[in-house]
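# Remarks on the overall topology
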Amino acid sequence: MLSQFSSSVDKSGLMPPLKKKILLVEDEALFARAVVKRLQKAGFECEHAESLNDARLLVKQFEPDMALLDMRLPDGNGLDLLSEFIARNINTIVMTAFGDVSDAVNAIKLGAIDYLKKPIDLEELLLIIQKNEKTTELQTSLDYSRQRDAIVNDSVQLIGESTPMQSVRQQITRIAQLSALSDAVQPTVLITGETGTGKDVVARFLHASCANHEKPFVHVDCASLPAELIESELFGHEKGAFTNAVASRPGLIESAEDGTLFLDEIGELPLGLQAKLLNVLERRVVRRLGSTKERPVLARVIAATNRDLYQMSNEGRFRSDLYYRLNVITMKMPPLRDRGADVLLLANYFRQLTEKRYALPHHEFSAAALMAIQSYHWPGNVRELRHQISRAVLMCSQSMISEHDLGLPQVGINQVASVLQGESQVTLDDAEKAMLLNALEQSRNNVSKAARLLGITRMTMRYRMDKHGISV
């Protein structure tokens, strides 16, 4: 059955007057609806098919310029349809789940222009589509990084007022000052911390704070690059260097020229490539596959990892010389459980972000929901918080998000909920005041100790006490 939510075009969209036609082949209705709405807002004509058979019918009727193709469909594998799209000269981006990267690699070999792993950010998807309008070259998964991240940096935010986050901000300020001192090669920065703490956000914020913020920011996820493509992706290749190398192409390292190269999950980089990367960092040159020519490259290098690289180097699983070359300036991202009241600031930020992205009405958190957010230990850190809040907003049918919508354990809620007992509707200010009072009660009115319990400075604690009219 063909989906009914297709193509009315917003003529005030962002694209040029000549509108591209895009066929979305996707069986997840909620995600498909969001994609269609976003693409129409950007000025594209868009049709949606839920299966391979529906897509074959629409291709003849709609004659799309581009297709967004899911790999797993009710009546077969998207690869079965890809060859038909290629034969019709339809540029195709494939979409795949986390465990199905092998399908995406095969799709690239068959002629797909790019692939994205689910869950997919709609703004990233839009950027790769817009980039394809400017070129028809064969591209792989991260070619759009330069354009994408240059735009993302304009709005990147570092949210939090806790003591650990103030320390992170101070380090960023110092690094930005060093960047402004000279045009020489900037020192490398290593960002450590648990998975989901926001290491990539800090890297983008650091780039946006430095003198070269108008230059490209290239994000390389070393953990997700397929083994078959990783060397070519990083270092580029010359025409004919390997099968399907139909044209010369710069790698991601070259693409970061004069800007920032962010090597995310650097601990996952194969040992064989670590030596080549060390040569890039030491000599500031890169050599493409199939070439004897070295090309100079001048870019700030930021690396991130959730692993203990020092221990890995002692065990021979990571080159010690590369570790010491990366570990010039180290920043450690705190886990969310150590950031006190930051969790509520982040929760409301992600709520507003989801409402805006999916054009949803305004929601509020119930008092119990706020307590659940504050008391949960968040093992997945900020990433887990973002996914849980987005899910709650999308699935909540009421204006008030309850603790049940969050689906979190309610450990320790009663300690603070008792302060709010009897209040029918509670705002974020009410919950914040309750947490301040609870912390003061636990610390026997010791302001410094209460501030430490909440993960904020004494000055911030005093400011917030004054804000809510609390005195001891």
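Structure report, in brief. (Residues numbered from 1 in each chain as written. Predicted model: local features only at pLDDT ≥ 70, side-chain atom pairs only at ≥ 80, totals over all residues. Heavy atoms only, no water.)

### Considering the overall build of the protein
The condition is simple: Helix and strand assignments come from DSSP, with helices taken as H or I runs of at least 4 residues and strands as E runs of at least 2, each series counted from the N terminus. Each residue is assigned to one of three classes by its accessible area relative to the maximum for its type, calculated with a 1.4 Å probe on protein chains only: buried under 20%, partly exposed between the two thresholds, exposed over 50%. Pairs of residues are marked as contacts when any of their non-hydrogen atoms sit within 4.5 Å. Method for areas: the Shrake-Rupley scheme with a 1.4 Å probe, in which residue coverage is limited to the protein chains shown.
Tallying secondary structure elements over the protein gives 21 helices and 16 strands in all. Per-residue burial over the protein gives 52% buried out of 472 residues. Long-range pairs, those at least 24 residues apart, make up 72% of the contacts in the protein with a sequence separation of at least 6. When the accessible area of the protein is evaluated, it comes to approximately 22100 Å², of which 50% is carbon and sulfur surface.

### Side note on the packing of helix α14 (residues 342-357) against helix α16 (residues 381-395)
Just so we agree on the cut-off: Axes, fitted as lines to C-alpha atoms, cover a helix only where it is in contact. Angles between the N-to-C directions of the axes lie from 0 to 180 degrees. Working rule for angles: under 35 degrees goes down as roughly parallel, over 145 as roughly antiparallel, 65 to 115 as roughly perpendicular, anything else as oblique. Handedness of a crossing is defined here by the sense of rotation of the near helix relative to the far one, left-handed for an anticlockwise turn of less than a right angle and right-handed for a clockwise turn. In this classification, Asp, Glu, Lys and Arg are treated as charged, Ala, Val, Leu, Ile, Met, Phe, Trp, Tyr, Cys and Pro as nonpolar, and every other residue, Gly included, as polar.
Look at α14 against α16: their axes get within 9 Å of each other, and the N-to-C directions meet at 45°. In terms of their interaxial angle, α14 and α16 are classed as oblique. For the pair α14 and α16, the sense of crossing is right-handed. Across the interface between the two elements, Val343, Leu346, Ala347, Phe350, Arg351, Leu353, Thr354, Glu355 and Arg357 of α14 pack against Val382, Leu385, Arg386, Ile389, Ser390, Val393 and Leu394 of α16. Classifying every residue of the contact of α14 with α16 by side-chain character gives ten nonpolar, two polar and four charged.

### Here we look at the sheet that holds strand β1 (residues 21-25)
Definition in use: Pairs of strands are assigned from DSSP output, requiring at least two bridges between the strands.
Overall, parallel pairing links the five strands, which are arranged β2-β1-β3-β6-β7 in an open sheet. Bordering the open sheet on either side are β2 (45-49) and β7 (114-117), each of which pairs with just one other strand. If you compare each strand with its neighbour and ignore which way they point, the axes differ by 20° on average. As defined by bridge partners, strand β3 (residues 66-70) adjoins strand β6 (residues 91-96) across five bridges and the pair is classed as parallel.

### With respect to the packing of helix α7 (residues 163-181) against helix α8 (residues 199-209)
Each pair of packed helices gets described by two things: the angle between the helix axes and the distance between those axes. Two elements in contact, α7 and α8, have axes separated by 9 Å at closest approach and are oriented at 40°. Judged by the angle between their axes, α7 and α8 are oblique. Between α7 and α8 lies a crossing of right-handed hand. Every residue of α8 that contacts α7 at Val168, Ile172, Ile175 and Ala176 is listed here: Val202, Phe205, Leu206 and Ser209. Classifying every residue of the contact of α7 with α8 gives seven nonpolar, one polar and no charged.

### What about the sheet that holds strand β14 (residues 329-332)?
With parallel pairing, five strands are arranged side by side in an open sheet as β9-β10-β13-β8-β14. Strands at the two margins of the open sheet, each flanked by one partner only, are β9 (217-221) and β14. Across the sheet, the axes of successive neighbouring strands diverge by a mean angle of 20°, strand direction being ignored. Here strand β8 (residues 189-192) runs beside strand β13 (residues 300-305); their pairing, made up of four bridges, is parallel. Along β13, the bridge assignment pairs Thr192 with Thr305. Here α7 sits on the sheet in contact with β8, β13 and β14, set at roughly 155° to β14.

### So, helix α20 (residues 447-454)
Selection criterion: This arc is built from the directions going out from the helix axis to the C-beta atoms. Whenever a nitrogen or oxygen atom comes within 3.5 Å of another N or O atom, the pair is scored as a polar contact, on the condition that within protein one atom can donate a hydrogen and the other can accept it, and that pairs from neighbouring residues in sequence are kept only if both atoms are in side chains.
Turning to α20, its buried residues are Val447, Ala450, Ala451 and Leu454. On an axial view of α20, the arc spanned by its buried residues comes to 100°, and they lie on one face. Structurally, the start of α20 carries an N-cap: the backbone nitrogen of Ser448 is 3.1 Å from a side-chain oxygen of Asn446.

### What to know about the packing of aromatic side chains
What counts is decided by this rule: For Phe, Tyr and Trp, where Trp contributes only its six-membered ring, two rings pair if their centres lie within 6.5 Å, and the inter-plane angle classes them as stacked under 30 degrees, edge-to-face over 60, or tilted in between. Charges are assigned to positions over rings by a cutoff of 6 Å between ring centre and Lys NZ or Arg CZ, combined with an angular limit of 35 degrees from the ring normal.
Here the structure, examined in full by the defined rule, presents five aromatic pairs. The interplanar angle of 35° and the centroid separation of 6.0 Å between the aromatic rings of Phe217 and Phe262 together place this pair among those described as tilted. Pair noted here: Phe217 is in strand β9 and Phe262 is in strand β10 (residues 260-264), with a separation of 45 residues, a long-range link. The exposure class of Phe217 is buried, given its relative accessible area of 0%. Grouped by ring-pair contacts, the aromatic residues Tyr310, Tyr323 and Tyr324 constitute a single cluster. Over the ring of Phe235 we find Lys276, and its NZ or CZ is 4.5 Å from the ring centre.

### Focus: the environment of Ala247
Take Ala247: it is sitting in the loop between α9 (230-235) and α10 (252-255). Note: C-alpha distance between Ala247 and His237 (ten residues apart in sequence) is 8.3 Å. Setting aside chain neighbours within four positions, we find Ala247 in contact with His237, Glu238 and Lys239.

### With respect to the nonpolar core
Here is the rule: Throughout, nonpolar core names a set of buried Ala, Val, Leu, Ile, Met, Phe, Trp, Tyr and Cys residues whose side chains join them through atoms within 4.5 Å.
In terms of nonpolar packing, the biggest core is built from 37 residues, with Phe365, Ile373, Trp378, Leu385, Ile389, Leu406 and Met461 touching the most fellow members. Among the secondary structure elements, those contributing two or more residues to this core are α14, α15 (367-375), α16, α19 (428-442), α20 and α21 (458-467). Not counting the four nearest positions on each side in its chain, Trp378 is found in contact with Leu336, Val343, Ile373, Glu384, Leu385, Gln388 and Leu408. With 31 residues, the next largest nonpolar core counts Val218, Leu252, Leu273 and Leu277 among its residues.

### A few points about the pattern of salt bridges
Put simply, the rule reads: Counted as salt bridges are all cases of a side-chain nitrogen of Lys or Arg within 4 Å of a carboxyl oxygen of Asp or Glu.
The final tally for this structure, using the stated rule, is 22 salt bridges. A salt bridge links Glu315 to Arg317; its shortest N-O distance comes to 2.6 Å. Taking the relative accessible area as the measure of exposure, Glu315 reaches 44% and is therefore partly exposed. Each of Glu26, Glu28, Asp70 and Lys118 takes part in salt bridges that share partners, so that together they form one network.

### Examining the pairing of β1
Here is the rule: A crossover gets the label right-handed when its path from the first strand over the helix to the second runs clockwise, viewed with the strands pointing away from the viewer.
Among the five residues in β1, four count as buried, and that is most of the element. Across five bridges, the pairing between β1 and β2 is parallel. Counted as the bridge partner of Leu24 is His48 from β2. Assessed by its sense of winding, the connection that carries the chain from β1 through helix α1 (residues 29-41) to β2 is right-handed. Bridge count for β1 against β3 is four bridges, and the pairing is parallel. Bridge pairing in β3 places Val25 opposite Leu69.

### With respect to the pairing of β6
Judged by how many residues are buried, β6 sits mostly within the fold: six of six residues are covered. Judged by which residues are buried, β6 turns out to be covered on both faces: Asn91, Ile93 and Met95 on one side and Thr92, Val94 and Thr96 on the other are all buried. Where β6 lies against β7, four bridges are found, and the strand directions are parallel. In the sheet register, Thr96 faces β7, and the bridge partner there is Lys117.

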